[in-house]
Every structure is written in structure tokens, then in C-alpha cells.
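# Results of the structural survey
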Amino acid sequence: MSKLPEIEKDREAWHAAIHGASCEELKAAYRRLCMLYHPDKHRDPELKSQAERLFNLVHQAYEVLSDPQTRAIYDIYGKRGLEMEGWEVVERRRTPAEIREEFERLQREREERRLQQRTNPKGTISVGIDATDLFDRYEEEYEDVSGSGFPQIEINKMHISQSIEAPLTASDTAILSGSLSTQNGNGGGSINFALRRVTSAKGWGELEFGAGDLQGPLFGLKLFRNLTSRCFVTTHCALQFSSRGVRPGLTTVLARNLDRNTVGYLQWRWGVQSAMNTSIVRDTKTSHFTVALQLGIPHSFALISYQHKFQDDDQTRVKGSLKAGFFGTVVEYGAERKISRHSVLGAAVSIGVPQGVSLKIKLNRASQTYFFPIHLTDQLLPSAVFYATVGPLVLYFALHRLVIKPYLRAQKEKELEKQRESTATDILQKKQEAEAAVRLMQESVRRIIEAEESRMGLIIVNAWYGKFVNDKSKKSEKVKVIDVTVPLQCLVKDSKLILTETSKAGLPGFYDPCVGEEKNLKVLYQFRGVLHQVMALDSEALRIPKQSHRIDTDG
């Protein structure tokens, strides 16, 4: 199965099969292509050699598409599905849903093997900024103090943490982590080492050892266990040694899937800050909802939060939350958006009593997180809320237009250039094969045109495929199209031409003239003696003739 690198070139049979063609339609397309490319039909040595190569490609494609299992795999995942290792041990006669599940399992196993060979670094950098001097200024009698003309913005706390994972065996993983913190000139650090073992498909255990300059040695044990298919429990017990003695701690979480998208949690924490917490989390494709209630010492609170997920390319999310307890009340709202392939930028405004107003900016870059909490004022000032809300929006749109967008455009051009360079040889080969296919089609096309002319049927006058530049603002861009008049006429049958919803670069006599760029198919055809014209997107289905394509000669 993995020896089919040319599967995309099986031409019309491939296009018919991947869009639900019956076995009879598949066989008819196969016979038609075999007749077109059969080597015995060509006497010229060069044409005979080209026809033999194309005939073999069509035969390979038919072998895949005529088998229900391999066809189902290709229908769902294409060439990459056929190249996935492990299909040889999969039971045959599976449904498409079962094949999809099996593919995802094989893909997960492959990813797990890759992860076994490398570490998984994760890190967080947090910088706390005190900007209260912007809004909470001293009275006028203090303004004559030296240096008081400008607001003083200070960094009052920092936190850095990093962790790496090192797979030792298929079931054992070592985890090393460390952190450094400082606040108002005082700080400290700690280092932790953990050894995790997967005991079975239902659970794992982890031993933890730690030490720091502010706290003494730490010994901990974590256990995870699936109780049923819908319920699991985690337990974490620890012994913290210090100058005051040994401080034990225990945390247990019981979770249950209430439905497909909802999970309920019960948490019990005993130790320095004992508490009981219950929460319900509902996560769907378009939203994330959380409600929680905690009773504890010294903190008891109720929390409700909602996040809306927009289904756009930038994965925009808008969120809001309300938290009320013995410490006061906090309202928080914000948004986050993907700014590049691996980066997500977010901002949130926190308004609370007695906490005041804060702005929180967060950047996730791959597995690294950069967090900047900016404390603006201890009071509830409308001006602070306004600037905390509007300021990040204005800054984001300015950066997006002046920096992010040009950078992403340049990166895309760079990637396209690399893609063109890496596929140059392959494209040249496909171009030669397409040209050879067109030469082999000439006799068939001549007969098709004669038959269509006799009945005033469908004649392809001109057809082009590739990149068209119609926008005046893109005059500098180069038009990249190829003539596909002959290949399209060859596909005409009974005065009809039907193209399915897939890239047309795989059609007989076609190739991709502009890899990675947007392509269209433009056709000028004659039907019943009247000219028609249509332009379709590369992956758009096309059926001609149509009355709507008719050219208005009166205009």
C-alpha cells in the first residue's frame, strides 16, 4: 500500500471514486482510460513509452480504488492514509467510521513514538508591573518633589518556571522542573524531580522530590486511576519539611463525564489551606462554560465563567467571568486570538473590590507562556477601566496591521518559495506527463469534436487553468496559467462535462502551474452554436453546459 506515490495521477478514475462513484462507474472510467492510454494503440516509440507509463499508473490506481478497504482509506485520508504503517494488521470489512478511528489510533501511536525520542519542554515567565502611579497620583503639594513629574512604573514581582520530560522506557518518564520567584526585593527558588510510571491502561503513579531555599525538602506521591469509562480519580499527598516541622497535605479529585461535553469535579483538599470544591465544566466546539463553588479556610467563593469560540482562522475567543467570596468580588473579561502558527495573544481586564483594576496580557508561544499582570489602580476608576479596555485593542490592531500582517505575508512567501524549490523536479515531471497525455488524447479529441459538431453539442473553444490576476491592485503579480482545452474536451461525454469538488490538478492532461497559490479554471465553450463562459475555483464542482454561463451578445 505504501508503494503508491503516484496515486494522485490515476486521473478520471480517481476523481470518480473519491466522490461516491459506484463500482460500475469506476469500471467504466477505468476502461475508458485504458483505451486512451493502451500502448498497443500507438506506433511512435516515444508515444508508446509515455502511454505505457500512464497505463500502469491508471492500473495501480484502479487496484487501490476497486478494493473496498483501501478505497475507504483513500476516500477519507488520501495518499497519507495509505502510507500509514499498521494497516496490514487491521481487520478488513470495516466501516468508514471504524477506519477513521483506526487511522487516528495509528496516528496517535506514531506521534507517541516520536515523543518518546525527545523531551517536552514547558516554561512560564511572569512579570508583575505596578502602574498605579498612572491613576493614583499624590496630591498637588507633593508635585514639587524631584522626579515626581513622570509616573513611576515598577516591576514588583517576577516568576520563572521551566520543566522538561525525558522518556526512559515505554512506561517510565522522568520530569525535571524548577522555578525562581521574587517580589518586592525578596525571592527564592526551588527544584523538583518526578518519576512517572504508567502502570496500566487505566492508571499511572508519580513520585516527586523537591527542595528550595524558602521551603525544606518535599516528598510527594500522585496517583491517577480510571474507575469506569466515564469516571476517574486523582490523589496527591505530600510531606513538606521546614523549620516549623512537617506539614502534611492531601488533595483528592473525583471527576465524572456527565455527557459528551460536560465533566463534573469534586475536590477535597486537607492541609494548610483546607477546602472542598465542586465544579461543572462544559466544553463544546463553540463555547466553554464553568461554574464552581468552594468552601474553605481561608477562602470560600463562587465562580461562573463563559468563553465563546469563534469559528474563524484566527481562533478568536471572547471570555468573561464573575467571582465572589470572602475576599471580595472580581469581574473579568477579555479575548485571545491566534497571531501566527504557534502563537496566541490574549488580554483580560480584571475589576474587583478591594483589588482595583488590573490588565493581564498573555502570550503563548508553542509550549512557552509569557504573562504580564499590570496593576493599574487600587480604586474603581472609570478612566482606568476605559484605558485598560481600549488601549490593548488599539495597540493590537496597530501591531497587526503594521507588524504582524507584513511578517506573516513575508513568511508565507518564503514558504511558497521553498515549496516551489522542493517540488520543482516533481512539477517538471508532472508537466512532461501532462504534455504526453495531451498528445495521446489528440485522436480521441478529434473524434469527440466531430461527434459533438454533428449534433451541435458541447465544444470547448478555450480553457485555462492556474492563477488569474483580475484585481487592479495586484498588477505586479504574474499570471500563471496553462492551456487545458484538449484535456477538457476529452472529458466531454454526451454533450456534458462534469467535474467534482476536488483539485483539478489531478485531471488527465493537467498539472499545477503555481504550487501553493490560489487557482481557477476558466472555460469558453460553445453549445448549440452559442458561446458560453464560466470561471470556477480549483476545488469547486463544475457542470456544463448551463444557461447561466451564456454570453449576452446584446450587451
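Residues numbered from 1 in each chain as written. Predicted model: local features only at pLDDT ≥ 70, side-chain atom pairs only at ≥ 80, totals over all residues. Heavy atoms only, no water.

### What about the overall build of the protein chain?
The test is simple: Only DSSP runs of H or I with at least four residues qualify as helices, and only runs of E with at least two residues qualify as strands; both kinds are numbered from the N terminus onward. Only protein chains enter the accessibility calculation, which uses a 1.4 Å probe; a residue is then buried when its area is under 20% of its type maximum, exposed when over 50%, and partly exposed in between. Contacts are assigned to residue pairs with any non-hydrogen atoms lying within 4.5 Å of each other.
Counting secondary structure elements, the protein chain contains 7 helices and 23 strands. Counting across all 555 residues of the protein chain, residues that qualify as buried make up 34%. For the protein chain, the share of sequence-separated contacts (at least 6 apart) that also reach a separation of at least 24 residues comes to 43%.

### Concerning the confidence of the model for the protein chain
The test is simple: Each residue carries a pLDDT score, the predictor's own confidence in it, on a scale running from 0 to 100.
Averaged over the protein chain, the pLDDT score is 82; the fraction of residues at 70 or greater is 82%. Within the protein chain, strand β12 (residues 301-309) carries the highest mean pLDDT (96), whereas helix α1 (residues 12-17) carries the lowest (42). Predicted confidence for residues 1-19 stays below pLDDT 50, and this span has 64 contacts to residues more than four positions away or in other chains. In the model, residues 86-93 has pLDDT below 50 throughout and makes 16 contacts with residues more than four positions away in sequence or in other chains.

### Notes on the nonpolar core
The test is simple: Nonpolar cores are built from buried Ala, Val, Leu, Ile, Met, Phe, Trp, Tyr and Cys residues. Side-chain atoms within 4.5 Å join them into one set.
I460, L488, L497, L521, V523 and I544 are the most contacted members of the largest nonpolar core, which has 27 residues in total. If you list the elements that add at least two residues to this core, you get α6 (382-454), β18 (458-467), β20 (497-499), β21 (520-527), β22 (530-537) and β23 (542-544). If we ignore the near neighbours within four places in the chain, the residues touching L521 are W464, Y465, V484, L488, L499, K504, F510, V534, M535, A536 and L542. If you look at the next biggest cluster of nonpolar residues, it comprises 18 residues, including Y37, L57, A437 and V445.

### Overview of the packing of aromatic side chains
Rules: Each aromatic pair joins two rings of Phe, Tyr and Trp (for Trp, the six-membered one) with centres within 6.5 Å, and gets the label stacked for planes under 30 degrees apart, edge-to-face for over 60, and tilted for any other angle. As a reminder, the over-ring test applies to NZ of lysine and CZ of arginine, requiring each to be within 6 Å of the ring centre and within 35 degrees of the ring normal.
The final tally for this structure, using the stated rule, is 8 aromatic pairs. Taking 5.4 Å as the distance between ring centres and 40° as the angle between the ring planes, the aromatic pair formed by F224 and F232 counts as tilted. Judged by centre distance (5.4 Å) and plane angle (75°), the ring pair of F386 and Y387 falls under edge-to-face. Put simply, the rings of F135, F386 and Y387 pair up and form one aromatic cluster. The ring of W204 is capped by R196, whose NZ or CZ atom sits 4.9 Å from the centre of that ring. Directly above the ring of F301 sits K323, whose terminal nitrogen or CZ lies 4.4 Å from the centroid.

### Side note on helix α3 (residues 45-65)
In plain terms, the rule: A helix's residues, less one, multiplied by 1.5 Å, set its expected span.
Taking 1.5 Å of rise per residue, 21 residues should cover 30 Å, and α3 covers 30 Å from first to last C-alpha, within 8% of that figure. Taken together, the buried positions of α3 are Q50, A51, L54, F55, L57, V58, A61, Y62, V64 and L65.

### Some points on the pairing of strand β14 (residues 328-338)
Looking along a regular strand, one sees side chains alternate from face to face of the sheet. Stated formally: Here the rule is simple: two strands pair whenever DSSP picks up at least two bridges between them.
Relative to β14, strand β13 (residues 317-325) runs antiparallel, the two being bridged by 9 bridges. If you follow K323 over to β14, its bridge partner there is V330. The antiparallel hairpin formed by β13 and β14 contains 2 residues in its connecting segment. Two elements, β14 and strand β15 (residues 343-353), share 10 bridges in a ladder whose sense is antiparallel. When the sheet's bridge partners are listed, G334 is paired in β15 with A348. Following β14, the chain reverses through 4 residues before pairing antiparallel with β15.

### Concerning the packing of α3 against α6
Quick reminder of the rule: Lines are fitted to the C-alpha atoms to define the axes, a helix being fitted only along its stretch in contact, and any angle between axes, read from their N-to-C directions, falls within 0 to 180 degrees. Here is the rule for angles: anything less than 35 degrees is roughly parallel, anything more than 145 is roughly antiparallel, 65 through 115 is roughly perpendicular, and the remaining ranges are oblique. We call Asp, Glu, Lys and Arg charged. Ala, Val, Leu, Ile, Met, Phe, Trp, Tyr, Cys and Pro are nonpolar, and the rest, Gly among them, are polar.
Contact geometry for α3 and α6: axes closest at 10 Å, N-to-C directions at 110°. Here α6 runs roughly perpendicular to α3, going by the angle between their axes. Seen from α3, the contacting residues are E46, L47, Q50, A51, R53, L54 and L57; seen from α6, they are E433, A436, A437, R439 and L440. Per-class residue counts for the contact of α3 with α6 are 7 nonpolar, 1 polar and 4 charged.

### Here we look at the pattern of salt bridges
Let me state the cut-off plainly: By definition, a salt bridge exists where a carboxyl oxygen of Asp or Glu is found within 4 Å of a side-chain nitrogen of Lys or Arg.
Counted according to the given criterion, the structure contains 14 salt bridges. In this structure, D314 engages R337 in a salt bridge whose closest nitrogen and oxygen atoms are separated by 3.1 Å. Of the two residues, D314 sits in the loop between β12 and β13 while R337 sits in strand β14, which places them 23 residues apart along the sequence. Using a relative accessible area of 26% as the deciding quantity, one classes D314 as partly exposed. One continuous salt-bridge network, built from bridges that share partners, spans E443, R446, R447 and E450.

### As for the sheet that holds β22
Strand order in the open sheet formed by 4 strands is β19-β18-β21-β22, and the pairing between neighbours is antiparallel. Looking at strand neighbours, the two that pair on one side only are β19 (480-483) and β22, the edges of this open sheet. When strand polarity is set aside, the average angle formed by the axes of neighbouring strands in this sheet is 20°. Sheet topology places β21 next to β22; 8 bridges connect them, and they run antiparallel. Counterpart to K522 in the pairing with β22 is M535.

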